[in-house]
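# What the coordinates show
Read off the chains here:
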Amino acid sequence: GDLLYIEALKFDGNGKLSGSTGINVINLNYQMDEKNNTLTITEGVMTLKSGDDLAMEIEAYLLASLVNVIGYVEEGTNMALIGPNGIVLIQLFYP
């Protein structure tokens, strides 16, 4: 499918995930088990700005994908967020 580019999501190492959906700023919570490569992302806070229809659809997809993440795979500085059945939900590219 098409690649979706969004501003970086940052994992702070202390259970906080922050970034932008392209419209809104998000601050979510996560639990990461580096031994088993499991990752759970849970609710937090988000600004409530509105955008055009396409931007809002992209935001909805991103947020729905984040809550379905169950694991991750790191390749160099990049990270794939994995959902059920090993499907890559989100690919993060870090410089």
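No experiment lies behind these values; they were computed from the predicted model shown.

## Quick word on the pairing of strand E5 (residues 71–75)
Of the pairings in the sheet, the one linking E5 to strand E6 (residues 78–82) comprises five bridges and is antiparallel in character. Bridge assignment links Glu-75 to a residue of E6, and that residue is Asn-78. Where E5 folds back onto E6 in an antiparallel hairpin, the turn is made up of two residues, including Gly-76, whose phi is positive at roughly 65°.

## Some words on the nonpolar core
Counting residues in each nonpolar core, the largest one holds 15 residues, and the members touching the most others are Leu-17, Leu-39, Ile-41, Leu-66 and Leu-81. Listed by contribution, the elements that provide at least two residues to this core are strand E3 (25–33), strand E4 (38–46), helix H1 (53–67), E6 and strand E7 (88–92). Take this core: its biggest share by element is three residues, from E3. With residues up to four places along the chain from it excluded, the contact list for Leu-39 reads Phe-11, Tyr-30, Gln-31, Met-32, Val-69, Ile-70, Gly-71, Tyr-72 and Leu-81.

## Some words on H1
The periodicity of an α-helix, 3.6 residues per turn, causes residues three or four places apart in sequence to face the same way. The end-to-end C-alpha distance of H1 is 22 Å, a good match for the 21 Å that 15 residues give at a rise of 1.5 Å each. Along H1, the residues classified as buried are Glu-59, Leu-62, Ser-65 and Leu-66. All buried residues of H1 lie within an arc of 130° about the axis, which places them on one face of the element. Exposed residues pointing more than 90 degrees away from the buried face of H1 are listed as Asp-53, Glu-57 and Val-67. With a side-chain oxygen positioned 3.2 Å from the backbone nitrogen of Leu-54, the residue opening H1 is Asp-52.

## Structural notes on the environment of Gly-51
By the element assignment, Gly-51 lies in the loop between E4 and H1. According to the relative accessible area criterion, Gly-51 is partly exposed, its value standing at 30%. C-alpha separation for the pair Gly-51 and Asn-24, spaced 27 residues apart in sequence, amounts to 9.1 Å. Contacts of Gly-51, omitting those with residues within four sequence positions, involve Ile-23 and Met-56.

## Description of the confidence of the model for the chain
In the predicted model, the chain carries a mean pLDDT of 90, and the fraction of residues at 70 or more is 93%. Highest mean pLDDT in the chain belongs to E3 (96); lowest belongs to E7 (91).

## Some thoughts on the pairing of E3
Relative to E3, strand E2 (residues 16–20) runs antiparallel, the two being bridged by five bridges. Across the sheet, residue Gly-19 finds its bridge partner in E3, namely Ile-26. The antiparallel pairing of E2 with E3 creates a hairpin that spans four residues between the two strands, and Gly-22 there sits at a positive phi of about 100°. As defined by bridge partners, E3 adjoins E4 across seven bridges and the pair is classed as antiparallel. Its bridge partner being in E4, Asn-29 is matched across the sheet by Thr-42.

Reading the values: rules and limits
Residues numbered from 1 in each chain as written. Predicted model: local features only at pLDDT ≥ 70, side-chain atom pairs only at ≥ 80, totals over all residues. Heavy atoms only, no water. Pairing = 2+ DSSP bridges. Helix = DSSP H or I, 4+ residues; strand = E, 2+ residues; numbered from the N terminus. Core = buried A, V, L, I, M, F, W, Y, C linked by side-chain atoms within 4.5 Å. Buried < 20%, exposed > 50% of the residue type's maximum accessible area, 1.4 Å probe, protein only. Contact = heavy atoms within 4.5 Å. Expected span 1.5 Å × (residues − 1). Arc of directions from axis to C-beta. Polar contact = N/O pair within 3.5 Å; in protein donor to acceptor, adjacent residues only side chain to side chain. pLDDT = per-residue confidence, 0-100.

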